[in-house]
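If you want the building blocks of each chain, they are given just below.
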Amino acid sequence: DQQVKQNSPSLSVQEGRISILNCDYTNSMFDYFLWYKKYPAEGPTFLISISSIKDKNEDGRFTVFLNKSAKHLSLHIVPSQPGDSAVYFCAASASGFQKLVFGTGTRLLVSP
Amino acid sequence: DSGVTQTPKHLITATGQRVTLRCSPRSGDLSVYWYQQSLDQGLQFLIQYYNGEERAKGNILERFSAQQFPDLHSELNLSSLELGDSALYFCASSQSGTGAVETQYFGPGTRLLVL
């Protein structure tokens, strides 16, 4: 039962263009969402988060959009840089529960 | 560097054996979480400890156990190991782990290979 889904295993983008990573969830109790970036041989690194009371959160080149009615969120990276090449995980949590439920990840490759 | 440390980085052992993975949280964090990542899968929550007490449990096998010590470091014990236990094991920590959801900061992981 995959409650958080990242349906694109991989994404290739050219440097300077926009990268859009998508995530869908099924559990309507989820009200806090996070994106993590993971390089090989390292642990996931926190990138950005959004609460369900918002529909957008921005931090520099990274913006997360939340569409609660569609149970969908997306991470936009503008402009994309080669150093952004990594696996990106979407994670969700419900109030009162600290555990994070992760998607399977999307591997982003940004080429020069 | 997240401030969360995990040892060892790699572990190779045989089926039926028992291993212990160790985690030290960020300074000041009271909660420790353990996650398992099998091949091409997302991270699966195993267990959370808060200030020495078990706080939440996920799909953790009975062969697995954990504890958090007074200095707040945590250990994950895996026993009667099977081939399918081969995975990356991540530890994460957060400030409190109670109330509102907090950002969790992850260690570099321990790669376990069971032969």
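Treat the numbers as computed from the prediction; the structure is a model and nothing was measured. (Residues numbered from 1 in each chain as written. Chains lettered and ligands numbered in written order. Predicted model: local features only at pLDDT ≥ 70, side-chain atom pairs only at ≥ 80, totals over all residues. Heavy atoms only, no water.)

Engineer: Just checking my understanding: could you explain the overall build of chain A for this structure?
Structural biologist: Of the regular secondary structure elements, chain A holds 0 helices and 11 strands. Scaling as 2.2 N^0.38, a compact globule of 112 residues should have a C-alpha radius of gyration of about 13 Å, and chain A matches this with 13 Å. In terms of its C-alpha atoms, chain A occupies a principal-axis envelope of roughly 40 × 30 × 20 Å. For chain A, the proportion of its 112 residues judged to be buried stands at 46%. (Helix = DSSP H or I, 4+ residues; strand = E, 2+ residues; numbered from the N terminus. Rg over C-alpha atoms; globule rule 2.2 N^0.38 Å. Buried < 20%, exposed > 50% of the residue type's maximum accessible area, 1.4 Å probe, protein only.)

Engineer: I'm lost on the pattern of salt bridges in this one. Help?
Structural biologist: When charged atoms on two side chains of opposite charge get close, those side chains can pair. Under the counting rule described, the total for this entry stands at 5 salt bridges over all chains. The shortest N-O distance in the salt bridge between Arg61 of chain A and Asp84 of chain A comes to 2.8 Å. Of the two residues, Arg61 of chain A sits in the loop between β6 (56-59) and β7 (62-67) while Asp84 of chain A sits in the loop between β8 (72-77) and β9 (86-94), which places them 23 residues apart along the sequence. Note that Asp29 of chain B and Arg26 of chain B form a salt bridge whose closest N and O atoms lie 2.8 Å from each other. (Salt bridge = Lys/Arg side-chain N within 4 Å of Asp/Glu carboxyl O.)

Engineer: What am I meant to see in the state of the cysteines here?
Structural biologist: A covalent bond between the sulfur atoms of two cysteines is what we call a disulfide. Residues and elements named next belong to chain A. Applying the stated criterion across every chain, the model contains 2 disulfides over all chains. A sulfur-sulfur separation of 2.1 Å characterises the disulfide bridge that pairs Cys23 with Cys90. Judged by the torsion about the S-S bond (-70°), the Cys23/Cys90 disulfide is left-handed. In this pair, Cys23 sits in strand β3 (residues 19-25) while Cys90 sits in strand β9, placing the two residues 67 residues apart along the sequence. (Disulfide = S-S within 2.5 Å.)

Engineer: Hey, could you run me through the layout of surface pockets in this one?
Structural biologist: If you roll a probe as big as a water molecule over the atoms, it shows you where there is empty space left. Here the largest pocket is characterised by a volume of approximately 790 Å³. Residue lining of the largest pocket: 35 residues in total, with Lys38 and Arg107 of chain A together with Gln37, Leu88 and Arg111 of chain B positioned closest to the centre. Of all elements in the fold, only β9 and β11 (106-111) of chain A together with β9 (87-94) and β11 (110-114) of chain B reach the threshold of two or more residues within the lining of the largest pocket. Here the lining of the largest pocket is built from residues that sort into 16 nonpolar, 13 polar and 6 charged. (1 Å grid on protein atoms, 1.4 Å probe; cavity = no way out; pocket = protein on both sides within 12 Å on 5 of 7 lines; lining within 4 Å. Points joined across faces, edges and corners; volume = space filled by probe spheres on them. Nonpolar A, V, L, I, M, F, W, Y, C, P; charged D, E, K, R; others polar.)

Engineer: Even after reading the chapter, I still don't get the sheet that holds strand β3 (residues 19-24) of chain B, so can you show me in this structure?
Structural biologist: Residue and element names in this part refer to chain B. Pairing is antiparallel in the open sheet, where 4 strands are placed in the order β1-β3-β8-β7. Looking along the sheet, the strands with just one partner apiece sit at the ends: β1 (5-7) and β7 (64-68). In this sheet, adjacent strand axes meet at a mean angle of 15° when their direction is disregarded. Two elements, β7 and strand β8 (residues 74-78), share 5 bridges in a ladder whose sense is antiparallel. Its bridge partner being in β8, Ser65 is matched across the sheet by Asn77. (Pairing = 2+ DSSP bridges. Axes fitted to C-alpha atoms, helices over the stretch in contact; angles between N-to-C directions.)

Engineer: Would you take a moment to explain the side chain of Asp85 of chain B for this structure?
Structural biologist: All names here are of chain B. Inspection of the secondary structure puts Asp85 in the loop between β8 and β9. With relative accessibility at 3%, the residue Asp85 sits in the buried group. For Asp85, the side chain forms a polar contact with the main-chain nitrogen of Glu82, separated by 2.8 Å. If near-sequence neighbours (up to four positions away) are discounted, Asp85 is found in contact with Gln36, Leu61, Arg63, Phe64, Ser80, Leu112 and Val114. (Polar contact = N/O pair within 3.5 Å; in protein donor to acceptor, adjacent residues only side chain to side chain. Contact = heavy atoms within 4.5 Å.)

Engineer: Which parts of the structure should I look at to understand the interface of chain A and chain B?
Structural biologist: Think of interface size as the accessible area that goes away when the parts come together; that is how it is often given. Opposite the 20 residues of chain A that make contact, chain B presents 21 residues. When chain A packs against chain B, the two sides together hide about 1,600 Å² of surface, and 60% of this comes from carbon and sulfur. Summed over the shared surface of chain A and chain B, the result is 2 residue pairs in polar contact (both at pLDDT 80 or more). Of all the elements, strand β4 (residues 30-38) of chain A adds the most residues to the side of chain A that touches chain B, at 4 residues. (Buried area = accessible area lost by both parts, 1.4 Å probe.)

Engineer: For this particular structure, what's the right way to read the pairing of β9 of chain A?
Structural biologist: Consecutive side chains along a regular strand alternate between the two faces of the sheet. All names here are of chain A. Of all 9 residues in β9, 9 are buried, a share of seventy percent or more. Judged from the 8 bridges that link them, β4 and β9 form a sheet pairing that is antiparallel. Looking at β9, one finds that Phe33 is bridged to Ala92. Across 3 bridges, the pairing between β9 and β11 is antiparallel. Bridging from a neighbouring strand, Tyr88 pairs with Thr106 of β11. In this sheet, strand β10 (residues 101-102) lies alongside β9 in antiparallel orientation, the contact comprising 2 bridges. Paired with Ala91 across the bridge in β10 is Phe102. Hairpin connection from β9 to β10: 6 residues lie between these consecutive antiparallel strands, with Gly96 at a positive phi of about 90°.

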